[in-house]
Amino acid sequence: MSLDAFAAPGSFYKGNLHTHSTRSDGKLDPADVCRRYAEHGYDFLCLSDHFLGAYNFPITDTRPYRTDSFTTVLGAELHAMTTDFGDLWHILAVGLPEDFADTGVNETAQQLADRAVAAGAFVAIAHPEWYGLSLPDALTMSSAHAVEVYNHTSHVHSGRGGGAYCLDMLLNGGRRINALACDDTHWNVPGDENRDAFGGWVMVKAETNEPDALVDALRAGHYYSSQGPAIEAMHRDGNELVVEASACQQIILAGPHSLSVYAAGEGMQSARLPLERFAGKWGRLMVIDKAGLIAWSNPMWF
Ligand SMILES: [Zn+2]
Ligand SMILES: [Zn+2]
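Every chain is numbered independently, its residues counted from 1 as its sequence is written. Going through the entries in the order they are written, you letter the chains from A and number the ligands from 1. Selection of residues for local features in this predicted model requires a pLDDT of at least 70, selection of side-chain atom pairs for listing and counting requires 80 or more, and totals for whole chains, interfaces and linings are taken over all residues. Side-chain descriptors were evaluated using all non-hydrogen atoms of the structure, hydrogens and water having been removed beforehand.

Caption draft 1: Focus on the coordination of the zinc ion (ligand 1). Because no water is among the atoms considered, metal sites can look incomplete, with donors defined as N, O and S atoms within 2.8 Å of the metal, or 3.2 Å for Na, K and Ca. Looking at the metal site, the zinc ion (ligand 1) is ligated by Glu77 (OE), His90 (ND1) and His127 (NE2), spaced 2.0 to 2.2 Å from it. Ordering the donors of the zinc ion (ligand 1) by residue number gives the pattern E-x12-H-x36-H. Between the zinc ion (ligand 1) and the zinc ion (ligand 2), the interatomic distance is 3.6 Å, and Glu77 donates to each metal, bridging them. Of this pair, His90 sits in the loop between strand 4 (71-78) and strand 5 (91-94) while His127 is found in the loop between strand 6 (122-125) and helix 4 (135-140), placing the two residues 37 residues apart along the sequence. Here His90 and His127 have matching classes, each one buried. A run of DSSP states H or I qualifies as a helix once it reaches four residues; a run of E qualifies as a strand once it reaches two. Both are numbered from the N-terminal end. Three labels apply to residues, based on accessible area from a 1.4 Å probe with only protein chains included: buried if under 20% of the type maximum, exposed if over 50%, partly exposed otherwise in between.

Structure below.
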(Lines give C-alpha, C1' and ligand atoms only; values in the text may rest on other atoms or scores of the structure.)
(Ligands and ions follow the chains in the order given, each with its own letter.)
Protein backbone atom coordinates (compact mmCIF):
# COMPACT_ATOMS: atom_id res chain seq x y z
CA MET A 1 0.00 0.00 0.00
CA SER A 2 2.50 2.62 1.11
CA LEU A 3 5.22 1.36 -1.24
CA ASP A 4 2.68 1.64 -4.06
CA ALA A 5 2.42 5.38 -3.40
CA PHE A 6 6.08 5.87 -4.23
CA ALA A 7 5.91 3.70 -7.34
CA ALA A 8 2.67 5.26 -8.61
CA PRO A 9 2.76 7.93 -11.32
CA GLY A 10 2.00 11.54 -10.47
CA SER A 11 3.06 14.05 -7.81
CA PHE A 12 2.60 14.41 -4.08
CA TYR A 13 -0.09 16.95 -3.10
CA LYS A 14 -0.31 18.37 0.43
CA GLY A 15 -3.69 18.48 2.11
CA ASN A 16 -5.56 18.64 5.39
CA LEU A 17 -8.52 16.30 5.54
CA HIS A 18 -10.21 17.31 8.79
CA THR A 19 -11.30 20.93 9.37
CA HIS A 20 -14.25 22.87 10.80
CA SER A 21 -15.84 26.22 9.95
CA THR A 22 -18.78 28.34 11.07
CA ARG A 23 -21.05 25.78 9.37
CA SER A 24 -20.54 23.83 12.61
CA ASP A 25 -18.43 24.76 15.64
CA GLY A 26 -15.40 26.33 13.92
CA LYS A 27 -14.73 30.03 14.44
CA LEU A 28 -13.90 31.07 10.84
CA ASP A 29 -16.18 31.05 7.81
CA PRO A 30 -15.50 28.62 4.94
CA ALA A 31 -13.99 31.27 2.64
CA ASP A 32 -11.49 32.33 5.31
CA VAL A 33 -10.62 28.71 6.15
CA CYS A 34 -9.88 27.87 2.50
CA ARG A 35 -7.89 31.08 2.01
CA ARG A 36 -5.67 30.34 5.03
CA TYR A 37 -4.83 26.83 3.86
CA ALA A 38 -4.14 28.02 0.31
CA GLU A 39 -1.88 30.78 1.66
CA HIS A 40 0.02 28.23 3.76
CA GLY A 41 0.98 26.30 0.65
CA TYR A 42 -1.57 23.51 0.84
CA ASP A 43 -2.71 22.01 -2.45
CA PHE A 44 -6.09 20.93 -1.12
CA LEU A 45 -8.44 20.90 1.86
CA CYS A 46 -11.45 18.94 3.05
CA LEU A 47 -13.77 21.09 5.15
CA SER A 48 -15.42 18.44 7.32
CA ASP A 49 -18.03 20.16 9.45
CA HIS A 50 -19.96 18.19 12.06
CA PHE A 51 -22.82 16.37 10.30
CA LEU A 52 -25.35 16.93 13.06
CA GLY A 53 -28.97 18.11 13.19
CA ALA A 54 -27.88 21.02 15.39
CA TYR A 55 -26.02 22.38 12.34
CA ASN A 56 -28.62 21.23 9.78
CA PHE A 57 -26.43 18.33 8.55
CA PRO A 58 -23.92 20.41 6.57
CA ILE A 59 -21.89 19.24 3.58
CA THR A 60 -20.07 22.57 3.41
CA ASP A 61 -19.81 23.73 -0.20
CA THR A 62 -16.20 24.79 -0.70
CA ARG A 63 -16.28 24.63 -4.51
CA PRO A 64 -16.38 28.46 -4.86
CA TYR A 65 -12.95 28.66 -3.18
CA ARG A 66 -11.10 26.43 -5.65
CA THR A 67 -8.38 28.11 -7.70
CA ASP A 68 -5.89 26.98 -10.35
CA SER A 69 -3.47 25.86 -7.61
CA PHE A 70 -5.80 24.90 -4.75
CA THR A 71 -8.71 22.52 -4.65
CA THR A 72 -11.21 21.25 -2.13
CA VAL A 73 -12.81 17.90 -1.42
CA LEU A 74 -16.33 17.85 0.02
CA GLY A 75 -16.78 15.93 3.23
CA ALA A 76 -18.00 15.90 6.81
CA GLU A 77 -17.37 14.52 10.26
CA LEU A 78 -20.17 12.02 10.80
CA HIS A 79 -21.69 11.19 14.17
CA ALA A 80 -23.90 8.43 15.48
CA MET A 81 -24.83 6.95 18.83
CA THR A 82 -23.09 5.40 20.62
CA THR A 83 -19.62 4.27 21.53
CA ASP A 84 -19.39 1.71 24.30
CA PHE A 85 -18.87 4.49 26.80
CA GLY A 86 -22.13 6.09 25.66
CA ASP A 87 -20.79 9.02 23.66
CA LEU A 88 -21.24 10.10 20.04
CA TRP A 89 -19.03 8.42 17.46
CA HIS A 90 -16.74 10.68 15.39
CA ILE A 91 -16.08 9.41 11.85
CA LEU A 92 -14.23 11.41 9.21
CA ALA A 93 -15.64 11.10 5.65
CA VAL A 94 -13.63 12.74 2.83
CA GLY A 95 -15.18 12.84 -0.64
CA LEU A 96 -18.91 12.83 0.07
CA PRO A 97 -21.38 13.87 -2.64
CA GLU A 98 -22.94 17.30 -2.09
CA ASP A 99 -26.36 15.68 -1.59
CA PHE A 100 -25.26 13.24 1.11
CA ALA A 101 -28.13 13.57 3.58
CA ASP A 102 -29.37 12.42 6.90
CA THR A 103 -31.75 9.49 6.42
CA GLY A 104 -34.07 10.46 9.25
CA VAL A 105 -33.58 7.04 10.82
CA ASN A 106 -31.09 6.39 13.54
CA GLU A 107 -28.27 4.70 11.71
CA THR A 108 -25.58 3.00 13.73
CA ALA A 109 -22.04 4.34 13.36
CA GLN A 110 -21.20 1.30 11.26
CA GLN A 111 -24.20 1.82 8.95
CA LEU A 112 -23.35 5.50 8.53
CA ALA A 113 -19.69 4.73 7.75
CA ASP A 114 -20.73 2.01 5.31
CA ARG A 115 -23.08 4.46 3.55
CA ALA A 116 -20.27 7.04 3.28
CA VAL A 117 -17.92 4.44 1.80
CA ALA A 118 -20.64 3.33 -0.66
CA ALA A 119 -21.08 6.99 -1.66
CA GLY A 120 -17.39 7.12 -2.60
CA ALA A 121 -15.78 8.58 0.51
CA PHE A 122 -12.48 7.84 2.19
CA VAL A 123 -13.45 7.12 5.81
CA ALA A 124 -11.32 7.32 8.95
CA ILE A 125 -11.70 6.61 12.65
CA ALA A 126 -11.21 10.10 14.13
CA HIS A 127 -9.03 11.01 17.12
CA PRO A 128 -9.26 7.68 19.03
CA GLU A 129 -6.99 8.81 21.85
CA TRP A 130 -8.89 12.06 22.42
CA TYR A 131 -12.04 10.24 23.52
CA GLY A 132 -10.57 6.94 24.59
CA LEU A 133 -12.19 4.90 21.83
CA SER A 134 -12.08 1.24 22.82
CA LEU A 135 -10.58 -1.50 20.68
CA PRO A 136 -13.96 -3.34 20.52
CA ASP A 137 -15.52 -0.14 19.14
CA ALA A 138 -12.69 0.36 16.62
CA LEU A 139 -13.11 -3.25 15.48
CA THR A 140 -16.77 -2.61 14.61
CA MET A 141 -15.73 0.09 12.12
CA SER A 142 -14.87 -2.53 9.51
CA SER A 143 -15.28 -0.30 6.46
CA ALA A 144 -12.89 2.45 7.64
CA HIS A 145 -9.85 3.04 5.44
CA ALA A 146 -7.68 4.66 8.12
CA VAL A 147 -7.15 5.64 11.75
CA GLU A 148 -6.04 9.14 12.73
CA VAL A 149 -2.57 8.63 14.24
CA TYR A 150 -2.28 12.36 14.84
CA ASN A 151 -5.03 14.92 15.38
CA HIS A 152 -3.50 18.33 15.94
CA THR A 153 -6.36 20.07 17.74
CA SER A 154 -6.67 17.15 20.17
CA HIS A 155 -2.97 17.52 20.89
CA VAL A 156 -3.30 21.29 21.37
CA HIS A 157 -6.43 21.17 23.52
CA SER A 158 -5.93 18.02 25.58
CA GLY A 159 -2.50 16.54 24.95
CA ARG A 160 -4.26 13.49 23.47
CA GLY A 161 -3.57 13.78 19.76
CA GLY A 162 -2.38 10.21 19.17
CA GLY A 163 -3.90 7.13 17.62
CA ALA A 164 -1.00 4.86 16.66
CA TYR A 165 -1.83 2.42 19.45
CA CYS A 166 -5.34 1.97 18.05
CA LEU A 167 -3.93 1.49 14.54
CA ASP A 168 -1.39 -1.08 15.72
CA MET A 169 -3.98 -3.07 17.66
CA LEU A 170 -6.15 -3.29 14.54
CA LEU A 171 -3.13 -4.30 12.43
CA ASN A 172 -2.12 -6.93 15.00
CA GLY A 173 -5.64 -8.34 14.69
CA GLY A 174 -5.21 -8.74 10.94
CA ARG A 175 -7.00 -5.62 9.67
CA ARG A 176 -5.52 -3.88 6.64
CA ILE A 177 -5.99 -0.24 7.55
CA ASN A 178 -3.97 2.93 7.00
CA ALA A 179 -2.70 5.88 9.04
CA LEU A 180 -3.74 9.52 8.83
CA ALA A 181 -2.53 12.83 10.31
CA CYS A 182 -4.77 15.89 10.28
CA ASP A 183 -5.48 19.21 11.97
CA ASP A 184 -9.20 19.02 12.92
CA THR A 185 -8.89 22.80 13.05
CA HIS A 186 -11.53 24.74 15.01
CA TRP A 187 -9.68 28.11 15.06
CA ASN A 188 -10.68 28.55 18.70
CA VAL A 189 -7.45 28.78 20.69
CA PRO A 190 -7.57 32.07 22.63
CA GLY A 191 -4.99 34.56 21.40
CA ASP A 192 -3.94 32.59 18.32
CA GLU A 193 -6.56 31.58 15.76
CA ASN A 194 -4.01 29.51 13.81
CA ARG A 195 -2.73 27.59 16.84
CA ASP A 196 -4.64 24.40 15.99
CA ALA A 197 -3.91 24.63 12.24
CA PHE A 198 -1.02 23.46 10.04
CA GLY A 199 0.21 20.75 12.45
CA GLY A 200 -0.72 17.47 10.69
CA TRP A 201 -1.31 16.71 7.02
CA VAL A 202 -1.23 14.12 4.26
CA MET A 203 0.91 13.98 1.13
CA VAL A 204 -1.21 12.27 -1.52
CA LYS A 205 0.31 10.80 -4.68
CA ALA A 206 -2.03 11.50 -7.57
CA GLU A 207 -1.81 12.29 -11.25
CA THR A 208 -3.69 15.57 -10.82
CA ASN A 209 -4.68 17.84 -7.95
CA GLU A 210 -8.37 17.21 -8.57
CA PRO A 211 -10.91 16.01 -6.01
CA ASP A 212 -11.75 12.66 -7.61
CA ALA A 213 -8.09 11.79 -8.22
CA LEU A 214 -7.19 12.71 -4.64
CA VAL A 215 -10.00 10.65 -3.10
CA ASP A 216 -9.16 7.66 -5.33
CA ALA A 217 -5.53 7.89 -4.17
CA LEU A 218 -6.56 8.16 -0.52
CA ARG A 219 -8.80 5.09 -0.83
CA ALA A 220 -5.92 3.21 -2.47
CA GLY A 221 -3.55 4.20 0.36
CA HIS A 222 -1.31 6.20 -1.98
CA TYR A 223 -0.22 8.77 0.58
CA TYR A 224 1.80 9.33 3.72
CA SER A 225 1.16 11.55 6.74
CA SER A 226 3.34 14.12 8.47
CA GLN A 227 3.86 16.75 11.13
CA GLY A 228 6.97 18.03 9.33
CA PRO A 229 9.42 15.54 7.78
CA ALA A 230 9.13 14.35 4.17
CA ILE A 231 9.40 10.74 3.03
CA GLU A 232 10.93 11.33 -0.37
CA ALA A 233 11.36 7.80 -1.69
CA MET A 234 10.91 4.27 -0.50
CA HIS A 235 11.38 0.92 -2.21
CA ARG A 236 12.29 -2.64 -1.42
CA ASP A 237 15.70 -3.93 -2.52
CA GLY A 238 15.86 -7.64 -1.73
CA ASN A 239 15.74 -7.96 2.03
CA GLU A 240 16.13 -4.25 2.68
CA LEU A 241 13.77 -1.30 2.73
CA VAL A 242 15.51 1.68 1.13
CA VAL A 243 14.29 5.06 2.37
CA GLU A 244 15.10 8.65 1.44
CA ALA A 245 13.78 11.45 3.62
CA SER A 246 14.26 15.06 4.57
CA ALA A 247 16.95 15.67 7.21
CA CYS A 248 16.01 13.66 10.31
CA GLN A 249 17.40 11.83 13.33
CA GLN A 250 15.68 8.45 13.22
CA ILE A 251 14.17 6.27 10.53
CA ILE A 252 12.17 3.46 12.10
CA LEU A 253 10.28 0.48 10.73
CA ALA A 254 7.80 -0.71 13.37
CA GLY A 255 5.86 -3.97 13.13
CA PRO A 256 3.68 -6.21 15.28
CA HIS A 257 3.99 -5.89 19.06
CA SER A 258 7.59 -4.95 20.02
CA LEU A 259 9.16 -5.56 16.61
CA SER A 260 11.12 -2.62 15.19
CA VAL A 261 14.36 -1.80 13.40
CA TYR A 262 15.85 1.63 13.01
CA ALA A 263 18.69 3.80 11.79
CA ALA A 264 19.81 6.91 13.64
CA GLY A 265 22.12 9.82 12.92
CA GLU A 266 22.22 13.59 13.11
CA GLY A 267 20.77 15.07 9.92
CA MET A 268 20.55 11.71 8.14
CA GLN A 269 18.60 11.62 4.88
CA SER A 270 18.56 7.95 3.95
CA ALA A 271 18.58 4.47 5.43
CA ARG A 272 18.57 0.81 4.47
CA LEU A 273 16.50 -1.16 6.96
CA PRO A 274 16.74 -4.99 7.20
CA LEU A 275 13.47 -6.79 6.50
CA GLU A 276 14.32 -10.38 7.54
CA ARG A 277 12.31 -10.16 10.78
CA PHE A 278 9.32 -8.69 8.92
CA ALA A 279 8.75 -11.69 6.66
CA GLY A 280 5.00 -12.41 6.62
CA LYS A 281 4.33 -9.42 8.84
CA TRP A 282 3.29 -5.79 8.55
CA GLY A 283 5.57 -2.82 9.10
CA ARG A 284 5.10 0.93 8.99
CA LEU A 285 7.80 3.55 8.59
CA MET A 286 8.32 6.59 10.80
CA VAL A 287 10.77 9.41 10.12
CA ILE A 288 11.50 11.58 13.16
CA ASP A 289 13.34 14.87 12.89
CA LYS A 290 15.46 16.88 15.33
CA ALA A 291 12.37 18.67 16.70
CA GLY A 292 10.62 15.35 17.35
CA LEU A 293 8.18 15.82 14.48
CA ILE A 294 7.09 12.60 12.77
CA ALA A 295 6.19 11.41 9.28
CA TRP A 296 4.22 8.14 9.05
CA SER A 297 3.99 5.80 6.10
CA ASN A 298 1.00 3.60 5.69
CA PRO A 299 1.47 -0.03 6.74
CA MET A 300 3.17 -2.41 4.35
CA TRP A 301 2.91 -6.18 4.25
CA PHE A 302 6.14 -8.06 3.54
ZN1 LIG B 1 -14.39 14.85 16.36
ZN1 LIG C 1 -13.45 17.33 13.98
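That shown, we press on.
Caption draft 2: Structural context of the coordination of the zinc ion (ligand 2). Binding of the zinc ion (ligand 2) to the protein goes through His18 (NE2), His20 (NE2), Glu77 (OE) and Asp184 (OD), at separations of 2.1 Å. Geometry is assigned from the angles between donors: four donors with all angles from 85 to 135 degrees make a tetrahedral site, four or six donors whose opposite pairs exceed 155 degrees while the rest stay between 65 and 115 make square planar or octahedral sites respectively, and everything else is labelled irregular. In this structure, the zinc ion (ligand 2) is surrounded by four donor atoms whose angles at the metal cover 81 to 168°, and the resulting shape is irregular. Each donor residue of the zinc ion (ligand 2) lies on the same chain, and together they follow the pattern H-x1-H-x56-E-x106-D.

Caption draft 3: Quick peek at the packing of aromatic side chains. Only Phe, Tyr and Trp rings take part, Trp by its six-membered ring, and two of them pair if their centres are within 6.5 Å. Stacked means planes under 30 degrees apart, edge-to-face means over 60, and tilted covers everything else. For the structure on display, the rule yields 15 aromatic pairs. With a centroid separation of 5.9 Å and 85° between ring planes, the pair formed by Phe122 and Tyr223 is classed as edge-to-face. Of this pair, Phe122 sits in strand 6 while Tyr223 sits in strand 10 (residues 223-226); the two residues are 101 residues apart in sequence, bridging distant segments of the chain. Assigned by exposure class, Phe122 and Tyr223 land together as buried.

Caption draft 4: Examining the pairing of strand 11 (residues 231-237) more closely. Strands are treated as partners if at least two bridges between them are detected by DSSP. As paired strands, strand 11 and strand 12 (residues 240-254) are joined by six bridges and run antiparallel to one another. In the strand pairing of strand 12, Ala233 is matched with Glu244. Counting the residues in the hairpin turn of strand 11 and strand 12 gives two residues, including Gly238, whose phi is positive at 60°.

Caption draft 5: Fine view of unusual backbone geometry. Cis rather than trans, the peptide bond between Met81 and Thr82 has omega equal to -20°. By the secondary structure assignment, Thr82 is in the loop between strand 4 and strand 5. The backbone of Phe57 shows a phi angle near 45°, a positive value even though the residue is not glycine. Within the secondary structure, Phe57 is located in the loop between strand 3 (50-51) and strand 4. Backbone geometry at Trp187 places phi at a positive 60°, although glycine is not the residue there. Position of Trp187 among the secondary structure elements: in the loop between strand 8 (178-182) and strand 9 (201-206).

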